[in-house]
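# Architecture and fold: a report
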Amino acid sequence: MSRNSKGETLPEGGWLDGDQQRAWLAYIRLQLRMSYEMNRQLVADSGMSLPDYDVVTALSVADGGRMSITRLAAHIGWERSRLSHHVRRMSTRELVTCGPSAADRRVTEVALTDSGRRALREAAPGHVDLVRRLFFEGLPSSLLGPLTEALESVYANVIEQGTLPPPADWQPAED
């Protein structure tokens, strides 16, 4: 950060220009509204929240339906402490189990239960329908490729410059 002649703190590169501000605000509005709509739909249709869905979806594609808490946190982009609290609540609803890893007792592992798999199978169709209706029906097909490339590029930059470790299976897109 730097200061201007009036002593006000400024970002290093200055304020966002008009195009950057427009893009950033469009992203923020979309991200917040999509999160709201997805959470509302999931709770109404399945009793699972969007954070619940994020956890069970990540576990459903993991080897054996289980991951260490550290790897799962990196995979979904959460802090370990937030994930630990959340999976504890999910375990009381029998969507996951949480305990020491059989391979290394020092590692806490989260595993998807049969109940969690069933909840995911029941929630997924409505979730996919909502995403298709709200996101993809509003996106001209000619912009799908460029949008995907742009999002992958921004994500790679966040992984490179962010503070959370990258997901274990993350690979940057090839140019």
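Just so you know, these numbers come straight off a predicted model, no measurement behind them. (Residues numbered from 1 in each chain as written. Predicted model: local features only at pLDDT ≥ 70, side-chain atom pairs only at ≥ 80, totals over all residues. Heavy atoms only, no water.)

Turning to its location among the elements, Ala62 is positioned in the loop between α2 (50-60) and β3 (66-68). Take Ala62: its relative accessible area is 14%, and that puts it in the buried class. Between the C-alpha atoms of Ala62 and Leu112, which are 50 residues apart in sequence, the distance is 9.4 Å. (Helix = DSSP H or I, 4+ residues; strand = E, 2+ residues; numbered from the N terminus. Buried < 20%, exposed > 50% of the residue type's maximum accessible area, 1.4 Å probe, protein only.)

Moving on to the nonpolar core. Among soluble globular proteins, nonpolar side chains are generally buried collectively. With 29 residues, the main nonpolar core has Val55, Leu59, Leu72, Leu83 and Val96 as its most contacted residues. Secondary-structure elements contributing two or more residues to this core are α1 (18-46), α2, α3 (69-76), α4 (80-92), β5 (108-112) and α5 (114-134). Top element by residues in this core is α2. It accounts for 6 residues. Those residues within four positions of Val96 in sequence are excluded, and the remaining contacts are Val55, Leu59, Val87, Met90, Ser91, Val110, Ala111, Leu112 and Thr113. (Core = buried A, V, L, I, M, F, W, Y, C linked by side-chain atoms within 4.5 Å. Contact = heavy atoms within 4.5 Å.)

As a packed pair, α1 and α2 sit with axes 8 Å apart at the nearest point and diverge in direction by 85°. In this view, α1 runs roughly perpendicular relative to α2, as classed from their interaxial angle. Together, Ser35, Met38, Asn39 and Leu42 of α1 and Leu50, Pro51 and Tyr53 of α2 make up the contact between the two elements. The residue makeup of the contact of α1 with α2, split by class, is 5 nonpolar, 2 polar and no charged. (Axes fitted to C-alpha atoms, helices over the stretch in contact; angles between N-to-C directions. Parallel < 35°, antiparallel > 145°, perpendicular 65-115°, else oblique. Nonpolar A, V, L, I, M, F, W, Y, C, P; charged D, E, K, R; others polar.)

This part is about the packing of aromatic side chains. All chains considered together, the criterion is met by 2 aromatic pairs. Ring geometry for Trp24 versus Tyr27: centroids 5.4 Å apart, planes at 35°, classification tilted. Remark: Tyr27 and Trp24 occur in helix α1; sequence separation between them is 3 residues, near one turn of the helix. A relative accessible area of 47% places Trp24 in the partly exposed class. Taking the centre distance of 5.0 Å and the plane angle of 75° together, the rings of Phe135 and Phe136 count as edge-to-face. (Phe/Tyr/Trp six-rings, centres within 6.5 Å; stacked < 30°, edge-to-face > 60°.)

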